[in-house]
Each structure stands twice: as C-alpha cells, then as structure tokens.
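Below, each chain spelled out in residue letters.
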Amino acid sequence: MVRCSVTICDAAPDDATALVAVWAASVDRAGNAPDAAAHATQEAAAAIARIAADPDQRLLVARVDDQVAGAVHLLRAPVSPVHSDTAVYVMHLQVIEALRRHGVGRALMEATVGWAEEKDTEHVIAAASVASRDANRFMARLGLGQVAVVRGATVPALRAKLPVEPPAAARVGTARNHRTVGAVIAQRRSLRRSQSRLS
C-alpha cells in the first residue's frame, strides 16, 4: 500500500463542484441533467460559506496532487442537551474510491483530532454508513467504539407508520391554539371540496 502526500485545508467556494462529486456516491439524489448539476454546485457553495462562518463547524478537504481526494464535515456540539461537555461530531467522512487505503481518511481524522484539541473538546463521535464495512473497520482501527445506531427514513415513510392522531403527550404547542393533525386534515379536505364546487 502506497501512502500519498495528503494536504488538508478548509473547503473554499471553488471546491463546490469537486465536493458534490466526492459525496455523489453516498447521497441518493435524482437528476443528472446539467441544470441539476449546476443547482447542486450552487447549493454546495452556499453550504461551504455557511459552515465557514460558523465557529463550531468545519468542512475539511483532503488534496492529493492538488486534486480533491476526500472531505469531512465536523460539528462541535454538546454531548447531550443537558451536558456542558462537548464533542466533535465527524459526519460524512468520504474518500474517493481510487484513493482509499492511501492515508487520506487518516489525514482527515488527524486534522479532526487537532481541531478537537484546539477547541478543548475531549470527545470525538463519528458516523459511518452501516453498509460500508471498510469505513466501519477504519473507525474501529482508530479506537472508535460503537455508542449508538443511527437510523433514517423519509418524512412520508415515517408518517405512514405513525398514528394520524398523535397521543396527547406528543402534541406540540399550547392548548389555546393547538389543532390536532386529524382536525387539520379534515379542514383541508373540506376546503378542497368547497373550492371544487365553486369551480
């Protein structure tokens, strides 16, 4: 295995197109038309600027021979809502396939630890795709143990599994202006029927 010379720096707006490509394999986004690609690049450039302005976030880019080889998003946040201890959350660590096992991921993690030390943060919590055995083995080799299982679903899929009428304990808002989901749906149906009669 040959180690590459890897340099790490903060993402810049010029990296937007390359970062979209880095994460393309891990994000299921429909549409490969030129206008969709341009929109994705604009979104990425806006995200890079937003993260750069936040002292508790970093978007690091790894370069090999001046080409973007990987990236990681770092977020410094409390360990829990009721603790003052903070952690650096390692999210979306991604290395392009051709340069995996060449030291790119390790260089990104070394930069992560350096930032955690700089921020006087004692914990690092990293997420890796459950489908990526290589990523999980890499994290385990670095001494990161499993502390949680992260699950995801689309909002419609989750809504389909939940009752239309939420239990009282789950209702959000004050009693004075609270309307149940069922009441909102009924009102919308009634409004649609009224509009169809008028047209």
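Check the entry above for the structure.
Model, not experiment: these values are computed from the prediction. (Residues numbered from 1 in each chain as written. Predicted model: local features only at pLDDT ≥ 70, side-chain atom pairs only at ≥ 80, totals over all residues. Heavy atoms only, no water.)

Novice: Go over the overall build of the protein with me, naming the residues and quoting the values.
Specialist: Along its length, the protein carries six helices and five strands. Moving toward the C terminus, one meets the helices and strands of the protein in the order β-α-α-β-β-β-α-β-α-α-α. Restricting to contacts in the protein with at least 6 residues of sequence separation, those with at least 24 account for 58%. (Helix = DSSP H or I, 4+ residues; strand = E, 2+ residues; numbered from the N terminus. Contact = heavy atoms within 4.5 Å.)

Novice: So what about the side chain of Gln 57? Which residues, and what values?
Specialist: If you trace the backbone, Gln 57 turns up in strand 2 (residues 57-64). Residue Gln 57 is classed as buried on the basis of its relative accessible area of 16%. Here Asp 54 takes part through its side chain, which lies 2.9 Å from a polar atom of the side chain of Gln 57. There is a polar contact of 2.6 Å between the side chain of Gln 57 and the side chain of His 73. (Buried < 20%, exposed > 50% of the residue type's maximum accessible area, 1.4 Å probe, protein only. Polar contact = N/O pair within 3.5 Å; in protein donor to acceptor, adjacent residues only side chain to side chain.)

Novice: Could you give an account of the pattern of salt bridges, naming the residues involved and the relevant values?
Specialist: Summed over all chains, the structure comprises four salt bridges. Here Asp 10 makes a salt bridge to Arg 58, at a shortest N to O gap of 2.9 Å. With Asp 10 in strand 1 (residues 6-10) and Arg 58 in strand 2, this residue pair connects regions lying 48 residues apart in the sequence. (Salt bridge = Lys/Arg side-chain N within 4 Å of Asp/Glu carboxyl O.)

Novice: So, helix 3 (residues 104-118): which residues are in play, and what are the values?
Specialist: The first and last C-alpha atoms of helix 3 sit 21 Å apart over 15 residues, in line with the 21 Å expected at 1.5 Å per residue. All of the buried residues in helix 3 are Val 104, Gly 105, Ala 107, Leu 108, Met 109, Thr 112, Trp 115 and Ala 116. Elements in contact with the buried residues of helix 3: strand 1, strand 2, strand 3 (67-78), strand 4 (86-95), strand 5 (123-126) and helix 4 (133-141). One or two steps after helix 3, the chain reaches Asp 120, where phi turns positive at roughly 55°. (Expected span 1.5 Å × (residues − 1).)

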